[in-house]
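# Report on the structure
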2 protein chains.
Amino acid sequence: MSQQRQGSTPATTGAVPAFPDLPEATIARLPEYLRALHNLAETGSETVSSEGLAAAAGVNSAKLRKDLSHLGSYGTRGVGYDVALLIDQIEYILGLDQRRAVALVGVGNLGHALAGYDGFASRGFRIVALFDADAEQVGKPLNGLTVRHIDELGQAVVEEGITIGVIATPAGAAQAVADDLVAAGVTSILNFAPCVLSVPAGVDVRKVDLAIELQILSFHEHRKASLTAIPGGRSPEAGNQEAVGS
Amino acid sequence: MSQQRQGSTPATTGAVPAFPDLPEATIARLPEYLRALHNLAETGSETVSSEGLAAAAGVNSAKLRKDLSHLGSYGTRGVGYDVALLIDQIEYILGLDQRRAVALVGVGNLGHALAGYDGFASRGFRIVALFDADAEQVGKPLNGLTVRHIDELGQAVVEEGITIGVIATPAGAAQAVADDLVAAGVTSILNFAPCVLSVPAGVDVRKVDLAIELQILSFHEHRKASLTAIPGGRSPEAGNQEAVGS
DNA sequence: AGGCGCTTGTGAAGGCGTGCACAAATCGCG
DNA sequence: CGCGATTTGTGCACGCCTTCACAAGCGCCT
Ligand SMILES: NC(=O)c1ccc[n+]([C@@H]2O[C@H](COP(=O)([O-])OP(=O)(O)OC[C@H]3O[C@@H](n4cnc5c(N)ncnc54)[C@H](O)[C@@H]3O)[C@@H](O)[C@H]2O)c1
Ligand SMILES: NC(=O)c1ccc[n+]([C@@H]2O[C@H](COP(=O)([O-])OP(=O)(O)OC[C@H]3O[C@@H](n4cnc5c(N)ncnc54)[C@H](O)[C@@H]3O)[C@@H](O)[C@H]2O)c1
């Protein structure tokens, strides 16, 4: 019922580690560095110091240096990092030089926005197929693609070489869609539905839940308010305002 | 019948610490617990064990117990947790009993989807105002609200009691919008634009970058592929290219 | 050629988070 | 009323991550 998180992969062969196993925290920051580097490249910068790049990415410079050191030594002491080289390096590590094919399932409110988003194409991805279960949607053109029925998923995954699936269906359908994606051969899923997905080992799932983000912000608002306000905090039992329901 | 006092919180003022300072990691999981609890409540469950709730939320049960223990002791040994009580408790901690007012800036592709999303309303938030800089958009009705010009932001924040702002504008405009939001009195920002925002201390920013999520998945795809493939990894300097699918 | 200033790469320390394992507490039942 | 089954709450150890601080390396200037 769990997902992701393989145990430590012990060295199998004594082969050269062509693929350094980076810390998860580092991996999560590489895309941010990459975006900052692309911005720098556009402004004509040839090199950048760890301090400069760290500022552009919003992180500590020591952290950035340690992150990059995991990829190898691509900086020059006294000078900094070669912007173009570092871009290639990070894009290679992230596997972006392959322009991965992505399938989007659920062409509703959110799905439409995602399908029309050009920020994916510019950052290494191609949405190559759209799916929905609603007969009303199937067949409609959308941003150069035609919405297909979910039954064609398996076929499309093979034909288009899809490795990543995006779920933008209601929560109730998300697990079924995930099962379909896995069955079709997809091994990475980005889930926008507010629910926990169960997938086999070897399949990676990342979840984006906007309501959770807002709730975290709400907590900090609450905390900030309780500090500036009168110290007497109240107890939650008193049900004056109705609670949220769903 | 209410106290969330920590057993050992010495060395403070005599004031009661109505607000336990939870670990960030715990805070980030509370919304997930809350969602799982609402699901359980709908199925009629009165109580739930840490094991059961942990499974529903997709976490380790020990972790869940430790998280909840930070809120106080709201479980009963040998029985489990009272679902309704725990919901109230978490909603109180997260400050959701106030149904926070949210402003959405940028009514474009993504903004339309967000404005029409009912998942916010059902989880403690009210989008009370929509803003855009485009004269074309201003004045248009959208999901019961009228799009207003960004200049009216300051006024609306006061009138509507807005504490959270959502930025759904292009990256180039995001910093300016953030400045406007802060100037208007907003102290929490959810940013969808792919850029780093600079805000004064005391203002919280959370960022959602979908391309980053995909890139992290891409990394794992790349890693998985490099394991199953021929061990001889290549160096990225060689500017070759390989495409998936065809 | 040599020195100087700048920047990287990293050892070490500390903090945070996780998960195990178990004592304490509670309920149900005979 | 006591006992066993069950489940919480938590002490503890371990590993990951962050941050500091600095030696090593590089280029430039004199
Ligand atoms: N709209 C937003 O801004 C937003 C924000 C955050 C999260 N979400 C989440 O994203 C998901 C989609 O939201 P939405 O507003 O687009 O909903 P929606 O109802 O507008 O769209 C859902 C789409 O999924 C399709 N669908 C349903 N079952 C399917 C199945 N089994 N296979 C394929 N397609 C199926 C429907 O036909 C519909 O077109 C929801 O889980 C929602 O909670 C949406
Ligand atoms: N569309 C998506 O699915 C998607 C996904 C991920 C991230 N994003 C990001 O979200 C942001 C919005 O994306 P989009 O596709 O909706 O873009 P969009 O161009 O469709 O919409 C942007 C809107 O912002 C408005 N705007 C511009 N400058 C403004 C300002 N100074 N003040 C107020 N409003 C202003 C524009 O008038 C427009 O209506 C972008 O940063 C994009 O990278 C979008």
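Residues numbered from 1 in each chain as written. Chains lettered and ligands numbered in written order. Predicted model: local features only at pLDDT ≥ 70, side-chain atom pairs only at ≥ 80, totals over all residues. Heavy atoms only, no water.

Chain A goes by Redox-sensing transcriptional repressor Rex in an unreviewed UniProt entry, where it is assigned to Actinoplanes auranticolor. The Subcellular location (unreviewed entry) comment attached to chain A in UniProt states, word for word, "Cytoplasm". Here chain A is described in UniProt, under the heading Function (unreviewed entry), as follows: "Modulates transcription in response to changes in cellular NADH/NAD(+) redox state." (UniProt positions renumbered as here; feature names shortened; annotations may be inferred.)

## Focus: the UniProt feature "binding site: NAD(+)" (unreviewed entry) in chain A
As recorded in UniProt, the feature "binding site: NAD(+)" (unreviewed entry) lies at A:G106, A:V107, A:G108, A:N109, A:L110 and A:G111. The subset of the named residues that lines the second largest pocket consists of A:G106, A:V107, A:G108, A:N109, A:L110 and A:G111. Looking at the element boundaries, A:N109 is found in helix α5 (residues 109-115). Residue A:N109 is classed as partly exposed on the basis of its relative accessible area of 44%. Every residue in contact with A:N109, bar those within four places of it in the chain, is listed here: B:H112, B:A113, B:G116 and B:Y117. (1 Å grid on protein atoms, 1.4 Å probe; cavity = no way out; pocket = protein on both sides within 12 Å on 5 of 7 lines; lining within 4 Å. Helix = DSSP H or I, 4+ residues; strand = E, 2+ residues; numbered from the N terminus. Buried < 20%, exposed > 50% of the residue type's maximum accessible area, 1.4 Å probe, protein only. Contact = heavy atoms within 4.5 Å.)

## Description of the site of ligand 1
Near ligand 1 lie 22 residues; those nearest to it are A:N109, A:L110, A:D132, A:T169 and B:Y117. At ligand 1, the nearby residues belong to more than one chain, namely chains A and B. A:N109 is positioned with one of its backbone polar atoms (N or O) 2.8 Å from an oxygen atom of ligand 1. At a separation of 2.7 Å, an oxygen atom of ligand 1 approaches a polar side-chain atom of B:Y117. Mapped onto the shell around ligand 1, the elements with two or more residues apiece are α5 and α7 (171-184) of chain A together with α5 (109-115) of chain B. By residue number, the principal contributor to the shell around ligand 1 is α7(A), which donates three residues. Class assignment of the residues belonging to the shell around ligand 1 gives a composition of 16 nonpolar, four polar and two charged. (Near = heavy atom within 4 Å. Polar contact = N/O pair within 3.5 Å; in protein donor to acceptor, adjacent residues only side chain to side chain. Nonpolar A, V, L, I, M, F, W, Y, C, P; charged D, E, K, R; others polar.)

## Things to note about the protein's contact with DNA strand C
Taken together, the neighbourhood of DNA strand C is formed by 26 residues, with A:S50, A:Y81, B:K63, B:K66 and B:R77 sitting nearest. Counting only the atoms of DNA strand C within 4 Å of the protein, the fraction contributed by sugar and phosphate is 67%. Contacts to DNA strand C include A:R65, whose side-chain N or O atom sits 2.9 Å from a base nitrogen. Within the backbone of A:G78, one N or O atom sits 3.0 Å away from a sugar or linking oxygen of DNA strand C. Going through the elements one at a time, α3 (61-71), β2 (75-76) and β3 (80-82) of chain A together with α1 (24-42) and α3 (61-71) of chain B are the ones with two or more residues in the surface near DNA strand C. Of all the elements, α3(B) adds the most residues to the surface near DNA strand C, at four residues. Looking at the surface near DNA strand C, its residues break down into seven nonpolar, 10 polar and nine charged.

## Digging into the interface of chain B and chain A
Contacts between chain B and chain A engage 88 residues on the former and 84 residues on the latter. Between chain B and chain A lies a buried interface of about 7900 Å² when both sides are counted; carbon and sulfur atoms form 61% of it. Our count for the chain B to chain A interface comes out at eight salt bridges. With a shortest N-O distance of 2.8 Å, B:K207 and A:E32 are connected by a salt bridge. At the boundary of chain B and chain A, one finds 36 residue pairs in polar contact (both at pLDDT 80 or more). Every element with two or more residues in the side of chain B that touches chain A is listed here: α1, α2 (50-57), α4 (83-94), α5, β8 (162-167), β9 (188-191), β10 (204-207) and α8 (210-228) of chain B. Here the side of chain B that touches chain A gets 16 residues from one element, more than from any other, and that element is α8(B). Split into classes, the residues belonging to the side of chain B that touches chain A amount to 42 nonpolar, 25 polar and 21 charged. (Buried area = accessible area lost by both parts, 1.4 Å probe. Salt bridge = Lys/Arg side-chain N within 4 Å of Asp/Glu carboxyl O.)

## Some remarks on the environment of B:A121
All names here are of chain B. You can see A121 is positioned in the loop between α5 and β5 (125-132). Judged by relative accessible area, A121 falls into the partly exposed class, the value being 39%. Between the C-alpha atoms of A121 and R99, which are 22 residues apart in sequence, the distance is 8.3 Å.

## Description of the domain arrangement of chain A
What the domain assignment lists for chain A is domain 1 (24-96) and domain 2 (99-210). Each of domain 1 of chain A and domain 2 of chain A has a C-alpha centre, and these two points are 30 Å apart. (Domains from an automatic or database assignment.)

## Re the packing of aromatic side chains
Summed over the entire model, instances satisfying the criterion amount to two aromatic pairs over all chains. Where B:Y117 meets B:F120, the ring centres are 4.8 Å apart and the plane angle is 85°; that geometry is what we call edge-to-face. (Phe/Tyr/Trp six-rings, centres within 6.5 Å; stacked < 30°, edge-to-face > 60°.)

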